[in-house]
Amino acid sequence: MDPRHLAHTLTPEESRRFERDGFFAVEEAIPDSLVQRLRPICDRIDREERERQGKGPEERINHFDFIGRDEIFLELLDWGKTFPKVWGILGWHIQLYHTHMMITPPEPEGRTLAEHGLELGWHQDTGLLNQDLETEPRPRVSLKVAYFLTDTSEEGRGNFYVVPGSHLRNEFPGPDRNARVDGAVAVRVPPGTAVFFDRRLWHSGSANYWREARRVLFYGYSYRWLRPRDDMTVEHYLDRCDPIRKQLLGVSCSGGHGYTSPKPEDVPLRAWLEEHGAAAPMRFEP
Ligand SMILES: O=C(O)CCC(=O)C(=O)O
Ligand SMILES: [Fe+2]
């Protein structure tokens, strides 16, 4: 990892917003040149998967575990402008636990937002964590970084919807998981933006009435003791990865025990942060 990453650590304002709202956006997190390299690769995976799964070109589709499908996706694993904010929130005991690529094709010709609505599906992430953990609010445990590869700076473009502050509420703050709720906002961002969000935040994808498919890459980071939420097909990368990438890709040098009681070699990110004077995550009160 490059010490120049330290120029992009979590700012007090980002920390405050994450604690208070459950999300924040970083515009120009990835340059247009990378967006342009990523898009055809996403489109290729999307084409292959639709064919394999027998899905039509108009269906919304979520491709799990894309990380192993092209080396380019490793670049974002510890990306200079975003990864320091991940350790700034969760600390050093982290891993990538899930990747998924959401493709939201344009709604079929003739359908309109006014007539057919947003087709929302509000939820918190990570399934049974929201049942098995008994506190109110439940613990954070993980977050996602969402890289937007298309323009959702206007509503009706398959925007990511959130209810700011709802990460601190176990119950859905509304009567209908498929309808707009009080306080909900569309996250409106240009391509190249990274949106960070707490897994507990009540959020939803939405229908796309724009001319172009919406493409977003989601990188989920969690504490190392959580099981991955997809197959994490990364074996073929490991011999080329540096120790920090290996940590992030789920390697534990000391076996199963090292996921809850890590030895220094299991968590090289910790030593790197200590060496660079950045070890303690800072949490700024809202
Ligand atoms: O497609 C979207 O905007 C929502 C994706 C989502 O629910 C998630 O990443 O957890
Ligand atoms: Fe989600």
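Residues numbered from 1 in each chain as written. Chains lettered and ligands numbered in written order. Predicted model: local features only at pLDDT ≥ 70, side-chain atom pairs only at ≥ 80, totals over all residues.

Quick look at the overall build of the protein chain now. In terms of regular secondary structure, the protein chain is built from 8 helices and 9 strands. A globule of 286 residues ought to have a C-alpha radius of gyration of about 19 Å, and the protein chain, at 19 Å, matches this closely. In the protein chain, which comprises 286 residues, the proportion classed as buried is 37%. (Helix = DSSP H or I, 4+ residues; strand = E, 2+ residues; numbered from the N terminus. Rg over C-alpha atoms; globule rule 2.2 N^0.38 Å. Buried ≥ 20, exposed ≤ 12 C-beta atoms within 10 Å, placed from the backbone.)

Judged by pairing direction, the sheet is antiparallel, and its 3 strands sit side by side in the order β6-β5-β8 without closing on themselves. In this open sheet, the two edge strands, each paired with only one partner strand, are β6 (185-187) and β8 (203-204). (Pairing = 2+ DSSP bridges.)

Moving on, we come to helix α8 (residues 268-275). Listing the buried residues of α8 in full gives Leu 269, Trp 272 and Leu 273. Axial view of α8: buried residues confined to an arc of 95°, hence all on one face. Projecting away from the buried face of α8 at angles above 90 degrees are the exposed residues Glu 274 and Glu 275. Among the structural elements, α4 (83-90) and α7 (243-248) are those in contact with the buried residues of α8. Two residues or fewer after α8 comes Gly 277, characterised by a positive phi angle close to 65°. (Arc of directions from axis to C-beta. Contact = placed C-beta atoms within 7 Å.)

Counting buried positions along strand β4 (residues 142-148) yields 7 of 7 residues, so the element is predominantly enclosed. Here β4 shows no split at all, with Ser 142, Lys 144, Ala 146 and Phe 148 on one side and Leu 143, Val 145 and Tyr 147 on the other all buried. Where β4 meets strand β9 (residues 214-223), 7 bridges bridge the pair, whose relative direction is antiparallel. Bridge assignment links Ala 146 to a residue of β9, and that residue is Phe 218. Inspection of the sheet shows β4 paired to strand β7 (residues 194-198) by 5 bridges, in the antiparallel sense. Looking at β7, one finds that Tyr 147 is bridged to Ala 194.

Here 6 strands make up an open sheet; going across it, the order is β1-β7-β4-β9-β3-β2 and the pairing antiparallel. The sheet terminates laterally at β1 (23-26) and β2 (61-64), the two strands that pair on one side only. This sheet shows a mean twist of 20° between the axes of neighbouring strands, independent of strand direction. On the sheet, helix α2 (residues 32-53) packs against β2, β3 (94-104) and β9 and is oriented at approximately 100° with respect to β2. (Axes fitted to C-alpha atoms, helices over the stretch in contact; angles between N-to-C directions.)

For the rest of this paragraph, the subject is the environment of Leu 129. Here Leu 129 is to be found in helix α6 (residues 129-132). Judged by the 18 C-beta atoms lying within 10 Å of it, Leu 129 falls in the partly exposed class. In this structure, Leu 129 is in contact with Arg 138 and Val 141, ignoring residues within four places of it in sequence.

A word on unusual backbone geometry. Across the junction of Glu 136 and Pro 137, the peptide omega takes the value -10°, indicating a cis bond. Phi at Asp 65 is positive, roughly 55°, even though this residue is not glycine. Take Asp 65: it is sitting in the loop between β2 and α3 (72-75). The phi dihedral of Glu 119 falls on the positive side, at around 50°, and the residue is not glycine. With 16 C-beta atoms counted inside 10 Å, the residue Glu 119 sits in the partly exposed group.

Summarising the element assignment, Lys 85 is placed in helix α4. Not counting the four nearest positions on each side in its chain, Lys 85 is found in contact with Thr 9, Leu 10, Glu 14 and Phe 196.

Attention now moves to α4. Counting buried residues along α4, 6 of its 8 residues qualify, which places the element largely inside the surrounding structure. Of the surrounding secondary structure, the elements contacted by the buried residues of α4 are α1 (12-21), β3, β4, β7, β9 and α8. Of the residues trailing α4, Gly 91 is marked for its positive phi of about 90°.

On to the environment of Pro 262. If you trace the backbone, Pro 262 turns up in the loop between α7 and α8. Sequence-wise, Pro 262 and Pro 3 are 259 residues apart; in three dimensions their C-alpha atoms are separated by 24 Å. Residue contacts for Pro 262: discarding those within four places in its chain leaves His 93, Arg 224 and Val 267.

Another aspect to go through is the confidence of the model for the protein chain. Confidence in the prediction of the protein chain, expressed as mean pLDDT, is 96, and 98% of residues score 70 or more. Looking over the protein chain, one finds the lowest element-wise mean pLDDT in helix α5 (residues 113-116), namely 93, and the highest in β7, namely 99. (pLDDT = per-residue confidence, 0-100.)

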